[in-house]
Amino acid sequence: MDTLTPEQRRRTMSRIKGRDTGPEILVRRMLHRMGFRFRLNVRGLPGTPDIVLPRHRAVIFVHGCFWHGHEGCPRATIPETRREFWLKKIASAKARDTKAETALTAAGWRVLTLWQCELKDLATLEDRLRAFLGGTAGLLFFRPPPSR
């Protein structure tokens, strides 16, 4: 049974953001420090990716474990109240995520999905971003001066 009144629950749920979340900002700050430049929430792409790196033809989704149903994650437990509603909502989010990733891949984009629970270890996150994007940003576009 829910301990909040319907009005309190509505007010609480209305404050949940869909963009500029803490995990997204963490990833964006790390990418920026690494020298990568990107665009945010590009509506013209399937799924409106959280981070788009056009030069690298790459997109990054930063998913909350609960909202996107991260398999095996303790943060992704289904609430006991209105269980059918939450199962349906999370299943539709998973289907939407799969559809967007398939469409992006078919259009030639590389897709990386980062889960909220994976962002705790910053060194591993940086390694994963570098591996996905192919090294350091500054070196990707470096051209040596012409020889004389």
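The paragraphs below set out a description of the structure included in this document.

Procedures and definitions
- Residues numbered from 1 in each chain as written.
- Predicted model: local features only at pLDDT ≥ 70, side-chain atom pairs only at ≥ 80, totals over all residues.
- Heavy atoms only, no water.
- Helix = DSSP H or I, 4+ residues; strand = E, 2+ residues; numbered from the N terminus.
- Buried < 20%, exposed > 50% of the residue type's maximum accessible area, 1.4 Å probe, protein only.
- Areas by Shrake-Rupley, 256 points an atom, 1.4 Å probe, with all protein chains shown as cover.
- Pairing = 2+ DSSP bridges.
- Axes fitted to C-alpha atoms, helices over the stretch in contact; angles between N-to-C directions.
- Left-handed = near helix turned anticlockwise from the far one by under 90°.
- Contact = heavy atoms within 4.5 Å.
- Nonpolar A, V, L, I, M, F, W, Y, C, P; charged D, E, K, R; others polar.
- Salt bridge = Lys/Arg side-chain N within 4 Å of Asp/Glu carboxyl O.
- 1 Å grid on protein atoms, 1.4 Å probe; cavity = no way out; pocket = protein on both sides within 12 Å on 5 of 7 lines; lining within 4 Å.
- Points joined across faces, edges and corners; volume = space filled by probe spheres on them.

**Some remarks on the overall build of the chain**
Thought 1: If you tally the helices and strands in the chain, you get six helices and four strands.
Thought 2: When the helices and strands of the chain are listed from N to C terminus, the series reads α-α-β-β-β-α-α-β-α-α.
Thought 3: The 148 residues of the chain split such that 34% are buried.
Thought 4: For the chain, the accessible surface area stands at approximately 10,000 Å², while carbon and sulfur atoms represent 55% of it.

**Considerations on the pairing of strand β3 (residues 58–63)**
The side chains of a regular strand alternate, first on one face of the sheet and then on the other.
Thought 1: Here β3 lies mainly inside the structure; six of its six residues are buried.
Thought 2: Burial of β3 is two-sided: the residues Ala-58, Ile-60 and Val-62 facing one way and the residues Val-59, Phe-61 and His-63 facing the other way are all buried.
Thought 3: As defined by bridge partners, strand β2 (residues 51–53) adjoins β3 across three bridges and the pair is classed as antiparallel. Within β3, the residue paired with Ile-51 across the bridge is Ile-60.
Thought 4: The hairpin turn running from β2 into β3, its antiparallel successor, is four residues long, and Arg-57 in that turn takes a positive phi close to 50 degrees.
Thought 5: Where β3 lies against strand β4 (residues 110–115), six bridges are found, and the strand directions are parallel. When the sheet's bridge partners are listed, Ala-58 is paired in β4 with Arg-110.

**Focus on the packing of helix α2 (residues 22–33) against helix α5 (residues 122–133)**
Thought 1: Two elements in contact, α2 and α5, have axes separated by 11 Å at closest approach and are oriented at 65 degrees. Crossing of α2 against α5: the hand is right-handed. The residues of α5 that touch α2, namely those facing Leu-26, Val-27, Met-30 and Leu-31, are Leu-122, Leu-125, Glu-126, Leu-129 and Leu-133.
Thought 2: Among the residues forming the contact of α2 with α5, the class breakdown is eight nonpolar, no polar and one charged.

**Quick notes on the pattern of salt bridges**
Thought 1: Inspection of every chain in the model, using the stated rule, returns six salt bridges.
Thought 2: Note that Glu-71 and Lys-94 form a salt bridge whose closest N and O atoms lie 2.1 Å from each other. Of this pair, Glu-71 sits in the loop between α3 (65–68) and α4 (83–106) while Lys-94 sits in helix α4, and the two are 23 residues apart along the sequence.
Thought 3: For Glu-80, the salt bridge is made with Arg-83, and the minimal N-O distance between the two is 3.9 Å.
Thought 4: Assessed through its relative accessible area of 67%, Glu-80 is described here as exposed.

**Describing the environment of Arg-82**
Thought 1: Positionally, Arg-82 belongs in the loop between α3 and α4.
Thought 2: In this structure Arg-82 comes out as exposed when scored by relative accessible area, which is 57%.
Thought 3: Sequence spacing of Arg-82 and Asp-2 is 80 residues, and the spatial spacing of their C-alpha atoms is 9.4 Å.

**A look at the layout of surface pockets**
Where empty space is left in the structure can be found by rolling a water-sized probe over the atoms.
Thought 1: In this structure, the second largest pocket spans a volume of roughly 300 Å³.
Thought 2: If you go around the second largest pocket, the residues you meet are Asp-2, Leu-4, Thr-5, Pro-6, Arg-9, Met-13, Pro-79, Thr-81, Arg-82, Phe-85 and Trp-86.
Thought 3: Of all the secondary structure elements, the ones that give two or more residues to the lining of the second largest pocket are α1 (6–14) and α4.
Thought 4: Ranked by residue count, the leading element in the lining of the second largest pocket is α1, at three residues.
Thought 5: Residues belonging to the lining of the second largest pocket are distributed by class as follows: six nonpolar, two polar and three charged.

In short, the description is geometric, and any link to function would need to be established separately.
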